[in-house]
Amino acid sequence: MKGPRYDGKYLKDLVDKLLGPTKLNQTLTKVVIPTFDLKDMHPVIFSSYEASANSSKNAKLSDICLGTSAVPTYLPAYYFKNYYDAEKYREYNLIDGGIVANNLDGCAEETTTEGAIFEDANAGDNYLRIQVCFTYPQHA
């Protein structure tokens, strides 16, 4: 097999249409989204809390979703620049966060204990875990 199975154009069009210009700090609830940066070779964990404190991580939600959806062999890595000042930006070259954060409960717990999701210490005991998986139907 040469390159990813899909080019990702349809997914990008759909996600851009659904999420529009919404930024990470505009989510209706606190979120944690794991990704992996191929250029820097390290995990990048996007959280709504950190987006409020660090403008270089307050990217468009559509860009973050496309990055964490880029499952190797199925979709290409997703590259984007997040402009957080008139001339300042941070580059991301992202793939599926499951590459490094296979235990999303642990990732969320670690983030909550650091106060990165919940401002109220008691709220860290309750959170909703949503994991979206990319699958291909099996042929019998």
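Residues numbered from 1 in each chain as written. Predicted model: local features only at pLDDT ≥ 70, side-chain atom pairs only at ≥ 80, totals over all residues. Heavy atoms only, no water.

Caption draft 1: Quick look at the packing of aromatic side chains. All chains considered together, the criterion is met by four aromatic pairs. Between Phe46 and Tyr92, the ring centres sit 5.2 Å apart and the planes meet at 55 degrees, which makes this aromatic pair tilted. In this pair, Phe46 is assigned in strand β2 (residues 42-47) and Tyr92 in strand β4 (residues 89-96), connecting sequence segments 46 residues apart. Each member of the pair, Phe46 together with Tyr92, is buried. Members of the aromatic cluster, connected to one another through ring pairs, are Phe46, Tyr78, Phe80 and Tyr92. The ring of Tyr89 has Lys81 lying over it, and the distance from NZ or CZ to the ring centre is 4.6 Å. (Phe/Tyr/Trp six-rings, centres within 6.5 Å; stacked < 30°, edge-to-face > 60°. Helix = DSSP H or I, 4+ residues; strand = E, 2+ residues; numbered from the N terminus. Buried < 20%, exposed > 50% of the residue type's maximum accessible area, 1.4 Å probe, protein only. Lys NZ or Arg CZ within 6 Å of the ring centre and 35° of its normal.)

Caption draft 2: Main features of a nonpolar patch on the surface. A surface patch of nonpolar side chains, about 360 Å² in accessible area, is lined by Tyr10, Leu14 and Leu18. For Leu14, the location among the structural elements is in helix α1 (residues 9-19). (Patch = residues over 30% accessible without salt bridge, like charges linked within 9 Å, V, L, I, M, F, W, Y side chains within 5 Å. Areas by Shrake-Rupley, 256 points an atom, 1.4 Å probe, with all protein chains shown as cover. Salt bridge = Lys/Arg side-chain N within 4 Å of Asp/Glu carboxyl O.)

Caption draft 3: Structural detail: the pattern of salt bridges. Under the definition given, this model contains two salt bridges. Of the charged contacts in the structure, one is a salt bridge between Lys12 and Asp16, with a shortest N-O distance of 2.7 Å. With Lys12 and Asp16 both in helix α1, this residue pair falls four residues apart, about one helical turn. A salt bridge links Glu50 to Lys57, with the shortest nitrogen-to-oxygen separation between them at 3.3 Å. Using a relative accessible area of 10% as the deciding quantity, one classes Lys57 as buried.

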